[in-house]
Amino acid sequence: MAGDPKLPEQDALLAATLLAVNPAGLNGASIRALSGPDRDAFTEALKCLLPDTAAWVKVPVTIGFDRLLGGLDFAATVAAGSPVFATGLLEAANGGVLNLAMAERLAESTAAVINQAIDRGEIRIERDGVTLTRATSFLVVALDEGLEPEEQLNPAMKDRLAFEIGSEALAECRGAALGLSRVDVVRARQRLAAVTVGGESIEQLVAVALAFGIDSVRAELFAIEAARAAAALAGRQTVTQDDAALAARLVYSTRATRMPAEESDSTPAPAEQEPPADEPGAERQSGDTMPDEVMVDAVRAALPKDLLDMLAGNARPPRASSGGRSKSRTRSKRRGRPVGVRPSYDLGASRLNILATLKAAAPWQTLRRQEQDLEARRIALRKEDLHVTRYEDNVETSTIFVVDASGSQAAQRLAEVKGAIELLLNDCYVRRDQVALIAFRGDSAETLLPPTRALARVKRSLSALPGGGATPLAAGLDAARDMAVSVARLGRVPAIVVLTDGRGNVARDGTTGADVADEDAIKAARLLRAEGLRTLLVDTSRRPRPRARRLAAEMGGEYVPLPFADAAAISASVQRSVA
Amino acid sequence: MFPFSAIVGQDDMKHALMIAAVDRSIGGVLLFGDRGTGKSTAIRALASLLPKMRAVVGCPYSCDPEKYQCDTSHCGVTRRKSKLYPVPVVDLPLGVTEDRVVGALDIEKALVQGQKSFDPGLLARANRGFLYIDEVNLLEDHIVDLLLDVAASGENLVEREGLSVRHPARFVLVGSGNPEEGELRPQLLDRFGLAVEVSTSTDVKGRVEVIKRRDAYERDPEAFGKKWSRADGKLRRRIVKARERIEAVDVSDDMLAKAAEICMALETDGSRGELTLIRAARAHAALDGDAAVTIDHLRDVAPMALSHRLRRNPLDESSASARVQRVLEAEL
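Nothing here was measured: the structure is a model prediction, and the numbers come from that model. Throughout this document, residue positions are counted from 1 along each chain, in the order its sequence is written. Each chain takes a letter, starting from A, and each ligand takes a number, starting from 1, following the order in which they are written. Since the coordinates come from a predicted model, pLDDT governs what is reported: local features require at least 70, and pairs of side-chain atoms require 80 or more to be given and counted, while whole-chain, interface and lining totals use all residues.

## Considerations on the overall build of chain A
Here a strand is any run of E in DSSP of at least two residues, a helix any run of H or I of at least four, and the numbering for each starts at the N terminus. Broken down by element type, chain A carries 24 helices and 17 strands. Burial is judged by counting other C-beta atoms within 10 Å of a residue's own C-beta: 20 or more means buried, 12 or fewer means exposed, and anything between counts as partly exposed, with every C-beta placed from the backbone. For chain A, the residues scored as buried account for 49% of the 579 residues in total. Long-range contacts, defined here as pairs at least 24 residues apart, represent 77% of the contacts in chain A between residues at least 6 apart. By the convention adopted here, residues make contact when the C-beta atoms placed from their backbones lie within 7 Å.

What follows is the structure in structure tokens.
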């Protein structure tokens, strides 16, 4: 008989092992990496560790509720002559893995249904005349292939999965041997229920979570469950300091929103994560349980690089966009808001509404059976019975404001521009648009805010926007194009509003000079048109200039001179260019 | 089921749920806040605190034998049998289809027996009870449309597939959600009597206690439930007593005037805010065993009764309850 197994050294493999030992306590992992051998190696490792009977259910990103939750089985119902229910994927994954492909594009409503199943350990089905409750418990492996910060897994789902594994962590495992087997996992699972967590370990894990600014109690619960799994693997009855440190490292390192105390005072807290007022209070309260240094260092050492940059203030918080983000709705005949059913002789790409179809057929059954001499139970269906669900798409707009904050915009002018944008924001609120803000001055353009619906934040970053410096107009337009393209990729309709006097003097390569800069700006404007983007140029110069008008024409957008336009007029133009 | 009394802290949330349990006419509770704060836990736990109710045996709408009755055969006869039933707390899961919400043609009977009969939906089951919507802000729009009408009228009218059915559907809406994941339509917001913003505690002791109790519950739910059953029983008796007392709680003209002033200062739309404020203050007084509504009662319940009725100002960052607090300080 072998001794207790040695835990893998690589965090990704370690996470896989803990998931296999304690699936109910850890829920799963999101893997943020492109498809490739590294990612496959991880899923293979997990497969090797799970019981060989465990289901591995792949969920395509376009899945509908009928397949996810289950619903009437059309063919079987017709054959049997009475409703037959088909099991959905959530139930099929019971005891195994729910593998979400392209998870960053998962519709919010789909994610919400999966989240509910995770929370409850069962699914409640109220569909197509069927009422059912089925127990189901599964590990979620969400393959997030998002590249841009705004393309990522539904934040509510991410919060419900213990681990987030990035491509760096996956790369570390290249060629690594797992070092333990299914047998070890089975043994650990048997021990798991008996593993206890001391009060001190719990206090430590909570204190460390607070020190890193982690808000959700779920993170702490995951850390505790991960520590228990680690202890069970090692054959221990109680969670030790090492187990807790390991768990903190795996669970907290991807969730940190700030660095622990000492140097964090000068770092501005990521907006909206916590009200700044209660931060010092929180630290004072935690005075009696100082977070353990060893554990804090363990987490700190494991922080992924991009998160580290963000916490150090070198980059804008990628999570800032978590508010109201990712309403990715694809435009097809099968998505959107169902607005009723209609008879259809030709299904095409539409979704058959089974219930409506059966209802249409029901009254004729006696007659048709007599006519056709069918066996009694079979349902006689005809083409004219077919009904499909009608969907109405509701496509959201993201308005991208591109603001010229250069010196040629005299201070007073910039204030007027800010005022105009604020008024426009009110419209955006009414339409529930998302808004993004890009400013350009000096030698580059900067994304002040990724698309968000938190308009108060737009107002805040707008009022904090300083003016002065050269005019890198081309860079501003390029930044807008990049953002617009990624917005469109998420299924929303981007609209770009450029506020400038059109006098660029910094070229794309950073050199100054009005001629080159102009040429570059025109090129950038043409690219906007080439992408088919909706644009509006608000000329902010004191007297309207042909240059700005030409730029608007090159963009293929509308042109509004600010001096003659009150906010209402601009608003109307935005409406026109967006509608 | 995690016991209600074992929930650590979150006093506002628990208080609002108790008030809604005392006076149904207040119209339910909306819990809005951070992820993982135990919103859904609290709502599901509420069910076990509610005293049982008498209903006609076999009636799909749980009609009260003393009061309004539906037109099904169970209620139509003169000698009705009735029994004590637990108050229904009906869960409206995401992904629900329209036919299961409002009720529809019984497809099995239609196919197999060729009979046209009505298969009641979730609204029927929720009559006289609570309709609970987890992640209410993620509910699909067409389902929300169905709820809005019924929640206001207390009656479900089904006109589909050749059926014409009308049945009572008086339920209290209880919802939970995370505003970061999508906003709620103002019309739906208005259907909730009380709204509470729930946030995570940042104090180590509180969070440690949350985790310890969770852990204890998950290890042995039964023993945990037993341990807290006395505390739950106490709360249940408090609700029963408050229900008996509430009619006698005095609301002076002074208090009515104060309530009106608060609502005017906050510019809430319509009179629903005022009415809810008074009713909630009365239920609060009844729970505390007080004979009359005082300024303190008004002050306690004003944030939960009014914060979701303020006109939204997209550019004002301060939270709604902070705005209510400001007005309270000025007015009281």
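Once you've had a look at it, read on.
## A word on the pairing of strand S11 (residues 194-198) of chain B
Residues and elements named next belong to chain B. With four of five residues buried, S11 lies mostly within the body of the structure. Two strands are counted as paired when DSSP detects at least two bridges linking them. The pairing of strand S1 (residues 29-33) with S11 spans five bridges and is parallel. Considered in S11, the bridge of Leu 30 is made with Ala 195.

## Digging into the sheet that holds strand S1 (residues 28-32) of chain A
Residues and elements named next belong to chain A. One open sheet holds the five strands; their spatial order is S2-S5-S8-S1-S9, and the pairing between them is parallel. Only two strands of the sheet have a single neighbouring strand rather than two, namely strand S2 (56-59) and strand S9 (163-166). Along the sheet, successive strands turn relative to each other by an average axial angle of 20°, direction set aside. Two elements, S2 and strand S5 (residues 97-100), share four bridges in a ladder whose sense is parallel. Among the inter-strand pairings, Val 59 is bridged to a residue of S5, identified as Leu 100. Contacting S1, S2, strand S8 (139-144) and S9, helix H3 (residues 37-49) runs over the sheet at an angle of about 175° to S8. Here the axes come from fitting lines to C-alpha atoms, over the contacting stretch only for helices, and the angles between their N-to-C directions go from 0 to 180 degrees.

## Here we look at helix H13 (residues 241-252) of chain A
Residue and element names in this part refer to chain A. To estimate the expected span of a helix, subtract one from its residue number and multiply by 1.5 Å. Across its 12 residues, H13 extends 16 Å between first and last C-alpha, which sits within 8% of the 16 Å expected from 1.5 Å per residue. H13 sits mainly inside the fold: 10 of its 12 residues count as buried. The set of residues buried in H13 consists of Asp 243, Ala 244, Ala 245, Leu 246, Ala 247, Ala 248, Arg 249, Leu 250, Val 251 and Tyr 252. Contacts from the buried residues of H13 go to helix H1 (11-21), S9, helix H11 (199-211), helix H12 (217-234) and helix H15 (293-302).

## Some points on the sheet that holds strand S15 (residues 493-500) of chain A
Residue and element names in this part refer to chain A. Strand order in the open sheet formed by six strands is S14-S13-S12-S15-S16-S17, with mixed pairing between adjacent strands. Every other strand in the sheet has two partners, leaving strand S14 (444-452) and strand S17 (558-561) as the edge strands with one partner each. Mean inter-strand twist for the sheet, computed between neighbouring axes without regard to direction, equals 15°. In terms of strand pairing, S15 meets strand S16 (residues 534-539) through six bridges, oriented parallel. Paired with Ile 496 across the two strands is Thr 535, which belongs to S16. Sheet contacts for helix H21 (residues 473-489): strand S12 (397-404), strand S13 (434-441), S14 and S15; angle to S13, the most-contacted strand, approximately 160°.

## What to know about the interface of chain A and chain B
How big an interface is tends to be expressed through the accessible area that disappears when the partners come together. Contacts between the two partners involve 56 residues from chain A and, on the opposite side, 48 residues from chain B. With six residues, the top contributor of residues to the side of chain A that touches chain B is helix H7 (residues 108-120) of chain A. Of the residues belonging to the side of chain A that touches chain B, the class tally is 24 nonpolar, 16 polar and 16 charged. Under the grouping applied here, Gly and all other residues not named as nonpolar or charged are polar, the nonpolar ones being Ala, Val, Leu, Ile, Met, Phe, Trp, Tyr, Cys and Pro and the charged ones Asp, Glu, Lys and Arg.

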